[in-house]
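The chain contents come next:
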Amino acid sequence: RLTIRDPANAVFFTKDGPLGQLVPGALLDIGISVPLVAAPLGLYRIEGKVLDATGAVLATGGTGFEVRPDLSKSLTGKVTVGLPTLEIGAPQTCTDTLTNVGSQAITNLEVHRVLVNLDTQVSHDDRAVTLSLAVGQVNTDTRTLATTGLLPGNHACVLQARIDGALKTLAYAPFVVT
């Protein structure tokens, strides 16, 4: 019998099933899917019991795990550009949209809005901000970028967020400078 208790110590999940024959000292790995969608955040306790046919406890064990928000799944991004192709010197407009689609508010999120030369992988005009987003909140930023000084070729407006210590690209929109 497997029982999982949530952070409030209420039974969150339970599963009974036969193990079959086990010789003394044997180990048996059993995979069980536990539904954690919309599960409360916090520490969970797993309790396992091996019962005989009469219900008497033969062995027990326990461990735990933590449910925490996954920012990479809680954030969606979208980037659009004003012009798909433009000449050097013409201004480009980038619109970045960041949405918290998760079940928890996000605080102190480091967000980067970057202009990148895709041909050379060189970043230009990296604008970093710190945002907090309530559940369902949308943050939109429109900026006009000068293309004077850019090399002809493929460029992109890129939206990134720092997740687990690393910058993750959430969305981008390419354009060509001629």
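**Some thoughts on the pairing of strand 1 (residues 2–5)**
Within a regular strand, the side chains alternate between the two sheet faces. In this structure, strand 1 lies alongside strand 2 (residues 11–15), joined through four bridges in antiparallel fashion. Note on strand 2: the bridge partner recorded for Leu2 is Lys15. Joining the antiparallel neighbours strand 1 and strand 2 is a turn of five residues, in which Asn9 adopts a positive phi near 70 degrees. Here strand 1 runs beside strand 3 (residues 42–51); their pairing, made up of four bridges, is antiparallel. Following the sheet pairing, Leu2 is matched in strand 3 by Gly48.

**Describing the sheet that holds strand 9 (residues 122–133)**
Pairing in this open sheet of five strands is mixed, and the strands run 6-12-11-8-9 from one edge to the other. Where the open sheet ends on each side, the last strands, each with one partner, are strand 6 (85–86) and strand 9. The sheet contact formed by strand 8 (residues 106–117) and strand 9 spans nine bridges and is antiparallel. Each bridged residue has a counterpart across the sheet, and for Val111 the counterpart in strand 9 is Val129.

**Considerations on the sheet that holds strand 5 (residues 75–81)**
Read from one edge to the other, the open sheet built from three strands follows the order 5-7-10, with strand pairing classed as antiparallel. Either end of the sheet is taken by a strand with one partner, and the two such strands are strand 5 and strand 10 (138–145). Each adjacent strand pair in this sheet contributes to an overall mean axis angle of 15 degrees, direction not counted. The sheet contact formed by strand 7 (residues 92–100) and strand 10 spans eight bridges and is antiparallel. Bridge pairing in strand 10 links Cys94 to Arg143.

**What to know about the environment of Thr97**
By the element assignment, Thr97 lies in strand 7. Sequence spacing of Thr97 and Asn139 is 42 residues, and the spatial spacing of their C-alpha atoms is 5.7 Å. What Thr97 contacts, discounting residues up to four positions off in sequence, is Thr76, Gly77, Lys78, Val138, Asn139, Thr140 and Leu159.

**As for unusual backbone geometry**
A positive phi angle, near 70 degrees, is found at Asn9, a position not held by glycine. Look at Asn108: it is not a glycine, yet its phi comes out positive at around 50 degrees. Relative to the helices and strands, Asn108 resides in strand 8.

Parameters and conventions
- Residues numbered from 1 in each chain as written.
- Predicted model: local features only at pLDDT ≥ 70, side-chain atom pairs only at ≥ 80, totals over all residues.
- Heavy atoms only, no water.
- Pairing = 2+ DSSP bridges.
- Helix = DSSP H or I, 4+ residues; strand = E, 2+ residues; numbered from the N terminus.
- Axes fitted to C-alpha atoms, helices over the stretch in contact; angles between N-to-C directions.
- Contact = heavy atoms within 4.5 Å.

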